[in-house]
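This is what each chain is made of:
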Amino acid sequence: PPGPTVKPSLNLLLEDAAGNGNAEAMYLYAQFYDPTCTRPRGTIEPDMAQAHDWYKKALDAGYSGAAQDLERLKAAVAEKAKSGDAEAGRLLRAW
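We now turn to the structure provided with this report. (Residues numbered from 1 in each chain as written. Predicted model: local features only at pLDDT ≥ 70, side-chain atom pairs only at ≥ 80, totals over all residues. Heavy atoms only, no water.)

Closest axis-to-axis distance for the helix H3 (residues 48-60)/helix H4 (residues 66-82) pair is 9 Å, and the angle between their directions is 155°. Here H3 is positioned roughly antiparallel relative to H4, judged by the angle of their axes. Crossing hand, H3 versus H4: left-handed. When H3 is examined against H4, the residues Met48, Ala51, His52, Tyr55, Lys56, Ala58 and Leu59 are found in contact with a partner set consisting of Ala66, Ala67, Asp69, Leu70, Arg72, Leu73, Val77 and Lys80. A per-class count over the contact of H3 with H4 returns 10 nonpolar, 1 polar and 4 charged. (Axes fitted to C-alpha atoms, helices over the stretch in contact; angles between N-to-C directions. Helix = DSSP H or I, 4+ residues; strand = E, 2+ residues; numbered from the N terminus. Parallel < 35°, antiparallel > 145°, perpendicular 65-115°, else oblique. Left-handed = near helix turned anticlockwise from the far one by under 90°. Contact = heavy atoms within 4.5 Å. Nonpolar A, V, L, I, M, F, W, Y, C, P; charged D, E, K, R; others polar.)

Further remarks concern the nonpolar core. The biggest cluster of nonpolar side chains holds 21 residues, and the ones touching the most others in it are Ala18, Tyr29, Tyr33, Trp54, Tyr55 and Val77. If you list the elements that add at least two residues to this core, you get helix H1 (8-19), helix H2 (23-33), H3, H4 and helix H5 (86-94). Ranked by the residues each element gives to this core, the list is headed by H2, at 7 residues. (Core = buried A, V, L, I, M, F, W, Y, C linked by side-chain atoms within 4.5 Å. Buried < 20%, exposed > 50% of the residue type's maximum accessible area, 1.4 Å probe, protein only.)

A separate point is the packing of H2 against H3. When two helices pack together, their arrangement is given by the angle between their axes and by how far apart the axes lie. The interhelical angle for the contact between H2 and H3, taken along N-to-C directions, is 165°, at an axis separation of 8 Å. With respect to each other, H2 and H3 are oriented roughly antiparallel. In this structure, H2 meets H3 at a crossing whose hand is left-handed. Contacts between H2 and H3 pair Ala23, Met26, Tyr27, Tyr29, Ala30, Gln31 and Tyr33 from the former with Met48, Gln50, Ala51, Trp54, Tyr55, Lys57 and Ala58 from the latter.

Looking now at the side chain of His52. For His52, the location among the structural elements is in helix H3. A distance of 3.1 Å separates a polar atom in the side chain of His52 from a polar atom in the side chain of Asp53. In this view, His52 contacts Leu70, Leu73, Leu91 and Trp95; residues no more than four positions away in its chain are not counted. (Polar contact = N/O pair within 3.5 Å; in protein donor to acceptor, adjacent residues only side chain to side chain.)

Here the focus is the environment of Tyr33. Within the secondary structure, Tyr33 sits in helix H2. Residues Tyr33 and His52, spaced 19 residues apart in sequence, show a C-alpha to C-alpha distance of 8.7 Å. Residue contacts for Tyr33: discarding those within four places in its chain leaves Arg41, Ile44, Glu45, Pro46, Asp47, Met48, Gln50, Ala51 and Trp54.

With that settled, the discussion passes to the pattern of salt bridges. Applying the stated criterion across every chain yields a total of 4 salt bridges. Here Lys56 ties to Asp60 by a salt bridge, and the two come within 3.0 Å at their closest N and O atoms. Of this pair, Lys56 and Asp60 both sit in helix H3, 4 residues apart, which is roughly one turn of the helix. By relative accessible area, Lys56 is classed as partly exposed at 36%. Classification of Asp60 as exposed rests on a relative accessible area of 57%. Glu79 is paired through a salt bridge with Lys82; the nearest N and O atoms lie 3.9 Å apart. Of this pair, Glu79 and Lys82 both sit in helix H4, 3 residues apart, roughly one helical turn. Ionic contacts of the salt-bridge type, sharing partners, join the residues Asp34, Asp69 and Arg72 into one network. (Salt bridge = Lys/Arg side-chain N within 4 Å of Asp/Glu carboxyl O.)

Now the structure itself:
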């Protein structure tokens, strides 16, 4: 059977709360984009840059739990960059 899914309405609620400055929502929203996160993401495609941006916003807004995920993401981005992934290389240089 297919794995758990995320209802589109949840994505929209988190996006709205994150956009309105809710630090925990920013963190959860980042996880939708984080290719290293194993939580269900619905129809959202992994996006390292989006995950980075939302984790950083969550951290800047005071959600300290984002620091560990940001470091895990950075390690994954560094590995992809090492393998020649140009997008990962650009993201790592801008980190």
